[in-house]
Amino acid sequence: MEGNGSPSRDRRGEEVLREAYDRLPYPSASHHHTHPDHLATLALLHGMEPPPLETCRVLELGCADGANLLPMAYELPRARFVGIDLSPLQVEAGRRRIEELEILNLELRAMSLLDVDAGFGSFDYVIAHGLFSWVPEAAQEKILEICRRNLAPNGVAYLSYNTFPGWHTGMMVREMLLYHTRDSRDPEEITARSIDLLRFLAEANTGQEDEHALALRSAWERLQHLQDRPSYFLHDFLEEENRPLYFHQMVERAARHGLQYMTDAEPDSTELSNLPPALAGQLQEMAADRIELEQYLDFVRSCRFRRSLLCHQEVRLDRTMVPRRMKRLWAASPVKPASTTPDLAPGTPETFHPPAGRAFSTGHPLVKAALVSLGAIWPRALAFDDLLRDVRTRMAEAGAPPAGDDPKDVEVLADILHSLFFSGQVELHLMPPACVETVSERPLASPLARYEAERGSLVTNQRHRVLDLRDDVTRFLLVHLDGRNDRAALVHLLDEEAREERLRLTYKGELVPREQVPAYLGHLVEEQLHKMAENALLAG
């Protein structure tokens, strides 16, 4: 193993980490950036030929209780998933969930990543989320060694890590908090005292506009909401190990292990075309290659965190837009037109609104038609050929050229989807999310979502995003969406809960009078079901 630590020192460091995570388990959840579909899609767009998703092999290092792998394993029953973690407590908790959900293709092991060797097997995807920056340098080298030795020839490794220059300020604040809480041992006390100090420092610098004051106020704004989440606050911010590095340093270290940087898991965050033209031009002049370009971009935006995708150095990457690759993909987009009747004619600008970020306008007829088509069926995705057919139909109805079967349409639409994906306006998938945009007569949610809703507020939707459903009515309804209950049955179930006072029904903060409950419930159920469809919680 490379690195500066001795084996005994490495093991002692692991003991400290194990005790910390057993004492205060880290909150684990689904991370959609790590899903094999997302990794495979990016691999395809960079010229690789990813293995079939249905039978892929996935290894997660530092898996906690397996909450990230569990939705993947449920969705891909013929694939194989293995997670390892130092904490026996968290692994055991994950095993209980796996057994309750009767998932047979997910294995969790309580073990050290230092013990992973060639005999552990080969994997198409290796995931290390929220791990690299929080382990000693020797363990970091071991992670990269695993990514080289245990990664299939056409596999992809995902590594997230804290980065400079953004974390320079974070390290300063971290050192202040560690000093302030140096005599504390209780996690909740440490969190409370840290938040108190941050508040004091921010208030003490009210009205000041120097660099130090701005940094302290920024830290307060960023961290104050974590005061009721001590496990997240301590493990992410005050853990004994926290080793940020520059992006170029990660690339250099990966290269020493025979790995090359492919892209960021959020490719739109590093896309030059998304920047103001003058800034993009200056960066291009400064940078000799893609790595330098992204490093300078990190300097510009003071990047704090990265999600890098790596592959073997022997792989030949090609980011050129190739229509035959694009034709294999499914597209989805939450972007909605501002107008209820958008004009698809060439040159007529139409405004579109993404869920987050600024609205944008375009006069390109195919761009407008594609976004209207995808927005109409969100959160469902359309296969390329189906989208092309729908776009042609819409343009023909609007009398906008091209309205026929021009072969060039394929290349134009492929180029449009490629650009919209790298600008963050469209999702691309090799395997579409198994969700519906309309509410059926007997709505169906996945057994996993129903299981999670019955046990807490965090629920994984069909797009592998985690939703915080704090409303009791929403969770109660979700639990009963097993495909057997129609709207009348759901109203009856809610009414029973309200009668037995197990559920409080309120409207604008006021308790709904008993005589108004039946009418109110009919409206409430309809509203909730449509919200669930919009949030990709319905599978049928």
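Caption draft 1: Local environment of the sheet that holds strand S1 (residues 57-61). In spatial order, the strands read S3-S2-S1-S4-S5-S7-S6; together these seven strands make up an open sheet with mixed pairing. Only two strands of the sheet have a single neighbouring strand rather than two, namely strand S3 (106-110) and strand S6 (259-264). On average, each strand axis in the sheet is tilted by 20° relative to the strand beside it, whichever way the strands run. In terms of strand pairing, strand S2 (residues 80-85) meets S3 through five bridges, oriented parallel. Along S3, the bridge assignment pairs Phe81 with Leu106. The sheet contacts of helix H10 (residues 247-256) involve strand S5 (151-162), S6 and strand S7 (305-312), and relative to S6 the element is tilted by about 140°.

Caption draft 2: Quick peek at the packing of aromatic side chains. One pass over the full model with this rule turns up eight aromatic pairs. Relative to Phe299, the ring of Tyr246 lies with its centre 6.1 Å away and its plane at 85°, an arrangement referred to as edge-to-face. Placement of Tyr246 in the loop between helix H9 (230-237) and H10 and of Phe299 in helix H12 (residues 290-301) is noted, with a sequence separation of 53 residues between them. Judged by its relative accessible area of 21%, Tyr246 falls in the partly exposed class. Within the aromatic cluster, the residues linked to one another by ring pairs are Phe164, Tyr246, Tyr296 and Phe299. One Lys or Arg, Arg304, reaches over the ring of Trp167 and ends 4.9 Å from the middle of that ring.

Caption draft 3: How the structure looks around the sheet that holds strand S8 (residues 330-332). If you walk across this open sheet you meet the three strands as S12-S8-S13, and the pairing is antiparallel. Each edge of the sheet is formed by a strand with only one pairing partner; in this case those strands are strand S12 (382-383) and strand S13 (427-429). Direction of pairing for S8 relative to S13: antiparallel, over a ladder of three bridges. When the bridges of S13 are listed, Ala331 appears paired with Leu428.

Caption draft 4: Highlighting the layout of surface pockets. Of the volumes computed, that of the largest pocket is approximately 1200 Å³. Together, 41 residues line the largest pocket, and Asp268, Gly424, Gln425, Val426 and Glu427 are the ones closest to its centre. If you tally residues by element for the lining of the largest pocket, the top one is S13, at three residues. Its residues assigned to classes, the lining of the largest pocket shows 17 nonpolar, 14 polar and 10 charged.

Caption draft 5: A look at the nonpolar core. If you look at the biggest cluster of nonpolar residues, it comprises 68 residues, and the most contacted ones within it are Phe81, Leu106 and Met326. Setting aside its immediate chain neighbours within four residues, Met326 contacts Leu45, Met321, Phe384, Ala414, Leu417, His418 and Leu428. Membership of the second largest hydrophobic core comes to 32 residues, among which are Val82, Ile84, Val135 and Leu159.

Caption draft 6: View of the side chain of His418. Of note, His418 is situated in helix H16 (residues 408-422). Apart from residues lying up to four places away in sequence, His418 is in contact with Leu45, Arg319, Met321 and Met326.

Caption draft 7: Local environment of the packing of helix H14 (residues 365-377) against H16. Interaxial distance between H14 and H16 falls to 10 Å at its minimum, and their mutual angle equals 65°. Relative to H16, H14 is oriented roughly perpendicular. Between H14 and H16 lies a crossing whose hand is right-handed. Of the residues in H16, those touching H14 at Leu366, Val367, Ala370 and Leu371 are Val412, Leu413, Ile416 and Leu420. Partitioning the contact of H14 with H16 into residue classes produces eight nonpolar, no polar and no charged.

Caption draft 8: Structural context of the state of the cysteines. Enumeration according to the criterion identifies zero disulfides in this entry. No disulfide involves Cys56; its nearest neighbouring cysteine sulfur is the one of Cys147, lying 16 Å away. Looking at the unpaired Cys147, the closest cysteine sulfur is the one in Cys311, lying at 11 Å. Residue classification places Cys147 among the buried positions, given a relative accessible area of 0%.

Caption draft 9: Highlighting the pairing of strand S10 (residues 350-353). Burial of the side chains of S10 is restricted to one face: Glu350 and Phe352 are buried, whereas none of Thr351 and His353 on the reverse face is. As paired elements, strand S9 (residues 336-337) and S10 share two bridges and run antiparallel to each other. Considered in S10, the bridge of Lys336 is made with His353. The pairing of S10 with strand S11 (residues 360-362) spans three bridges and is antiparallel. Across the sheet, the residue bridging to Thr351 is Ser361, located in S11.

Caption draft 10: Geometry of the environment of Thr206. Tracing the backbone through its elements, the reader meets Thr206 in the loop between helix H7 (187-204) and helix H8 (211-223). Measuring from C-alpha to C-alpha, the distance between Thr206 and Arg217 comes to 8.3 Å, with 11 residues separating the pair along the chain. In this structure the side chain of Thr206 is engaged in a polar contact, spanning 2.8 Å, whose partner is the backbone oxygen of Glu203.

Caption draft 11: Examining the pattern of salt bridges more closely. In total, this model carries 37 salt bridges according to the counting rule given. Note that Arg306 is salt-bridged to Asp264, the shortest N-O span being 3.5 Å. Here Arg306, found in strand S7, pairs with Asp264, found in strand S6; they are 42 residues apart in sequence, far enough to count as distant. The pair Arg306 / Asp264 is uniform in exposure class, with both members buried. Between Asp385 and Lys327 there is a salt bridge, with its nearest N and O atoms 2.8 Å apart. Linking Asp385 in helix H15 (residues 384-398) with Lys327 in the loop between helix H13 (323-326) and S8, this pair joins segments that are 58 residues apart in sequence. Where salt bridges share partners, they join Asp264, Arg290, Glu294, Asp298, Arg301 and Arg306 into one cluster.

About the thresholds
- Residues numbered from 1 in each chain as written.
- Predicted model: local features only at pLDDT ≥ 70, side-chain atom pairs only at ≥ 80, totals over all residues.
- Heavy atoms only, no water.
- Pairing = 2+ DSSP bridges.
- Helix = DSSP H or I, 4+ residues; strand = E, 2+ residues; numbered from the N terminus.
- Axes fitted to C-alpha atoms, helices over the stretch in contact; angles between N-to-C directions.
- Contact = heavy atoms within 4.5 Å.
- Phe/Tyr/Trp six-rings, centres within 6.5 Å; stacked < 30°, edge-to-face > 60°.
- Buried < 20%, exposed > 50% of the residue type's maximum accessible area, 1.4 Å probe, protein only.
- Lys NZ or Arg CZ within 6 Å of the ring centre and 35° of its normal.
- 1 Å grid on protein atoms, 1.4 Å probe; cavity = no way out; pocket = protein on both sides within 12 Å on 5 of 7 lines; lining within 4 Å.
- Points joined across faces, edges and corners; volume = space filled by probe spheres on them.
- Nonpolar A, V, L, I, M, F, W, Y, C, P; charged D, E, K, R; others polar.
- Core = buried A, V, L, I, M, F, W, Y, C linked by side-chain atoms within 4.5 Å.
- Parallel < 35°, antiparallel > 145°, perpendicular 65-115°, else oblique.
- Left-handed = near helix turned anticlockwise from the far one by under 90°.
- Disulfide = S-S within 2.5 Å.
- Polar contact = N/O pair within 3.5 Å; in protein donor to acceptor, adjacent residues only side chain to side chain.
- Salt bridge = Lys/Arg side-chain N within 4 Å of Asp/Glu carboxyl O.

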